[in-house]
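Survey of secondary and tertiary structure
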Amino acid sequence: MTETRSGQTTDVIRHADILIIGGGLSGTMLAAQLLRLPGKRSLLVIEPRAELGRGEAYSAVELGHTLNGNAARMSVDPDNADDLTQWLTDYIAAGGWPESDEQHVPVSELFPPRGLFGVYVQQRLAEARAVGALNGSTVEHVRAEVVDLETLSDSVRLNLSDGQRLQGAYAVLATGMFPAARTPQTESSGLNAAALDPWDVAAMRQLDPQSTVLIIGSGLTMVDAVVSLEQAGHRGAIKVFSRHGLLPHVRRQPPAWADFLAEDHSIRTPRQLVRELRRHCREAIAQGIDWQAPLDTVRAHIGRLWNQATDEQRRQFVRHVRPWWESHHHRSPPLSAELVERLHGEGRLRIQAASYKGLEPSSGGEVSIRIRRRGEGETVVVSGAALINSSGIEYDWRRVARPLPQQLLARGLVRPGPLALGIAAAVDGAVLGEDGRVAGRLFAMGPPLRGMWWESTAVTDVASQAKALALRLAGAVL
C-alpha cells in the first residue's frame, strides 16, 4: 500500500503495540487477557476469517459437532474453572440454547456445540474490550493473512495478503491448528484434492445415501466426519482405515482420584508415567472406579514431564505409546461416541488397521485408494463413492504449504520444535531461531508449542498460556 506526498511514493505502515497473528481461540484469548490488564496498549489481530474467536475448531455450525469435553473442563478463564458453566447457565435461562434431553443433566456436564462455544469466546472478548476501553486500550480485527514477517531491532514488521504492512513492538504467533484435511502440504499426495471436508455436511448431502464412504484416520476428526455423514442423511457403509485401528474412548464423568504425580516427584520420564498410570488404573478398576479417574489427574503435569524428557524418551513415547495415549486421553463426547458405537454394531461402520499408501486411478465417479493392512506385506485397492481425510492435525511446520510458516523457516526466524512438532521456543513462549537464539520480540502460544509441552491445544492449556504471555507482554509494553 502506498500514498503520494509531495511527488514521493512512500510505504504506508500501520503501527500497534502488539500484533497477534491468528484470531482463533489462542489469539482471541491473548487479546482478552491483554485488554483486561491495567495500562494503555493497541492490539491488531490478523485473521482472515470474518469472525474472531472461532478458528478451525469453533467455526462448526452443526449442532452435532460438540466439544469433546464437558462444560466444567472448558473454561477460558484460567482463574475460574466454572466460567463456561456459569455462562451456559445464563445462556440457557435466556432461551439461547433450545431445550434437549441432554439439558436434563447438570449444566457443568453438558457438551455444548462447538459453534456455541465460539459465541461464548466472542462474548468474553467483547467484555474484555469494554474493560480495555476504560484504560484507552484498543483491539482491531485485520481481516487478511500474514504472508511474511521481518524482525527489526526495535519491532516486528508483517506483510499481509492484501498488501498491507503492519509494524508492532511485539508479535505473537497464535496460528492455531493446521487440520490435515484443510492444510496444503509441501509433499502433496493429492489426497485433499480428492477428499471431502470432514465438516462439510452440505457436500455430503450430494452423495448417494446408500453409497460407501472411505475415511482415513480414526481419531476425533473421524468421529466428527461420521456425525457429519449422519446429519447429511448418509445410510451406507463407512470404511475407516488407520494404522492401529484404535477408536477414541467415550468421555465419562469419573469420580475424583488422588493426584499421584503431585505426591510422587520421582516420576520424571514418559515411561515412568505410563507404568505408574497403568498401576493406578488397575487399582481403580479393582475398587470398582472408572479407570478414567486416574488418567484425568495427569493433564496438569504433562507439560512438565514432556519438557524435561530427553529427545530419545520423547521419541519412544511417540513411537510406542502415542496411539493409545490419544485414544484414551482425547476422548469422544458421549452422543458422538454413541453414534459410532451404534453404526459399528449395525455393521455399517468398519474399522481396519491399515496404512494409507496413496490414491489410485478410478472411474465411474468413485475414489480408489491403496492400503496395506497391518501385518500384511501386500497392498490392496479399495474404492468408494467418497473419501474423507480424518488424519488429524499437521504439527510439522515443514510440511505446511502456507506462506507464513514457509517464510519463517526459510528466513531462519523459527526452527522445528522437538520431534518436529510445531516450533521451538523458550519457557515464556519467546521463539527460538534457527541459530538457537531467543527472539526478543517474537513469541508463540497454543498449538505451535506442541513439541514443547505435548498437550498445548486444549482450551485450558491455551487459557493458561494466554494469561502468562499477556502478563509478559504487558510488562514490556509500557
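Reference entry: report on the structure contained in this document. (Residues numbered from 1 in each chain as written. Predicted model: local features only at pLDDT ≥ 70, side-chain atom pairs only at ≥ 80, totals over all residues. Heavy atoms only, no water.)

Attention now moves to the packing of helix α11 (residues 311-320) against helix α12 (residues 322-329). Closest axis-to-axis distance for the α11/α12 pair is 4 Å, and the angle between their directions is 70°. With respect to each other, α11 and α12 are oriented roughly perpendicular. Across the interface between the two elements, Phe 317, Val 318 and His 320 from α11 touch Arg 322, Pro 323, Trp 324 and Trp 325 from α12. Here the residues of the contact of α11 with α12 sort into five nonpolar, one polar and one charged. (Axes fitted to C-alpha atoms, helices over the stretch in contact; angles between N-to-C directions. Helix = DSSP H or I, 4+ residues; strand = E, 2+ residues; numbered from the N terminus. Parallel < 35°, antiparallel > 145°, perpendicular 65-115°, else oblique. Contact = heavy atoms within 4.5 Å. Nonpolar A, V, L, I, M, F, W, Y, C, P; charged D, E, K, R; others polar.)

Our next topic: the environment of Arg 370. On the secondary structure map, Arg 370 appears in strand β12 (residues 367-373). The exposure class of Arg 370 is partly exposed, given its relative accessible area of 26%. Sequence separation of Arg 370 and Ile 302 is 68 residues, and the distance between their C-alpha atoms is 37 Å. Those residues in contact with Arg 370 that lie beyond four places of it in its chain are Ser 355, Tyr 356, Lys 357, Gly 358, Glu 360, Thr 379, Val 380 and Val 381. At a separation of 3.0 Å, a polar atom in the side chain of Arg 370 contacts the side chain of Glu 360. (Buried < 20%, exposed > 50% of the residue type's maximum accessible area, 1.4 Å probe, protein only. Polar contact = N/O pair within 3.5 Å; in protein donor to acceptor, adjacent residues only side chain to side chain.)

A separate point is the packing of aromatic side chains. The geometry of an aromatic ring pair is captured by the separation of the ring centres together with the interplanar angle, meaning the angle of the planes. Following the criterion strictly, the structure yields 10 aromatic pairs and no others. For the ring pair Tyr 58 and Phe 117, a centre distance of 4.7 Å and an interplane angle of 45° mean the geometry is tilted. Of this pair, Tyr 58 sits in the loop between β4 (42-46) and α2 (83-93) while Phe 117 sits in helix α3 (residues 114-135), and the two are 59 residues apart along the sequence. You can call Phe 117 buried: its relative accessible area is 1%. (Phe/Tyr/Trp six-rings, centres within 6.5 Å; stacked < 30°, edge-to-face > 60°.)

Once that is clear, we can look at the pairing of strand β13 (residues 380-384). Sheet topology note: the β12/β13 ladder contains five bridges and is antiparallel. When the bridges of β13 are listed, Arg 370 appears paired with Val 381. (Pairing = 2+ DSSP bridges.)

Further remarks concern empty space enclosed by the protein. Per the counting criterion, the structure on display carries three cavities of 30 Å³ or more. What the largest cavity holds in volume is close to 70 Å³. Contributing to the lining of the largest cavity are Pro 270, Leu 273, Ile 302, Leu 305, Trp 306, Phe 317, Trp 325 and Trp 454. Top element by residues in the lining of the largest cavity is helix α10 (residues 299-308). It accounts for three residues. Considering only residue class, the lining of the largest cavity consists of eight nonpolar, no polar and no charged. (1 Å grid on protein atoms, 1.4 Å probe; cavity = no way out; pocket = protein on both sides within 12 Å on 5 of 7 lines; lining within 4 Å. Points joined across faces, edges and corners; volume = space filled by probe spheres on them.)

Formed by 45 residues in total, the largest nonpolar core has its most connected members in Leu 25, Leu 34, Leu 84 and Phe 117. Of all the elements in the fold, those that place two or more residues in this core are β3 (13-21), α1 (25-36), β4, α2, α3, β8 (165-173) and α16 (459-476). With residues near it in sequence (within four places) discarded, Phe 117 still touches Leu 25, Tyr 58, Leu 67, Met 74, Val 76, Leu 84 and Val 459. With 31 residues, the next largest nonpolar core counts Ile 21, Val 156, Leu 158 and Val 414 among its residues. (Core = buried A, V, L, I, M, F, W, Y, C linked by side-chain atoms within 4.5 Å.)

A few words on the pattern of salt bridges. Counted according to the given criterion, the structure contains 32 salt bridges. Arg 342 serves as the salt-bridge partner of Glu 230, at 3.1 Å between the closest nitrogen and oxygen. Of the two residues, Glu 230 is situated in helix α6 (residues 220-231) and Arg 342 in helix α13 (residues 334-345); the sequence distance between them amounts to 112 residues. Given the relative accessible area of 38%, Arg 342 is considered partly exposed. Close ionic contact of Arg 279 with Glu 276 constitutes a salt bridge, the shortest N to O distance being 2.6 Å. Of this pair, Arg 279 and Glu 276 both sit in helix α8 (residues 270-286), separated by three residues, roughly a single helical turn. Given a relative accessible area of 38%, Arg 279 falls into the partly exposed group. Residues participating in the shared-partner salt-bridge network are Glu 47, Arg 49, Glu 56, Arg 182 and Asp 197. (Salt bridge = Lys/Arg side-chain N within 4 Å of Asp/Glu carboxyl O.)

Functional significance is not addressed by these values, which are geometric in nature.
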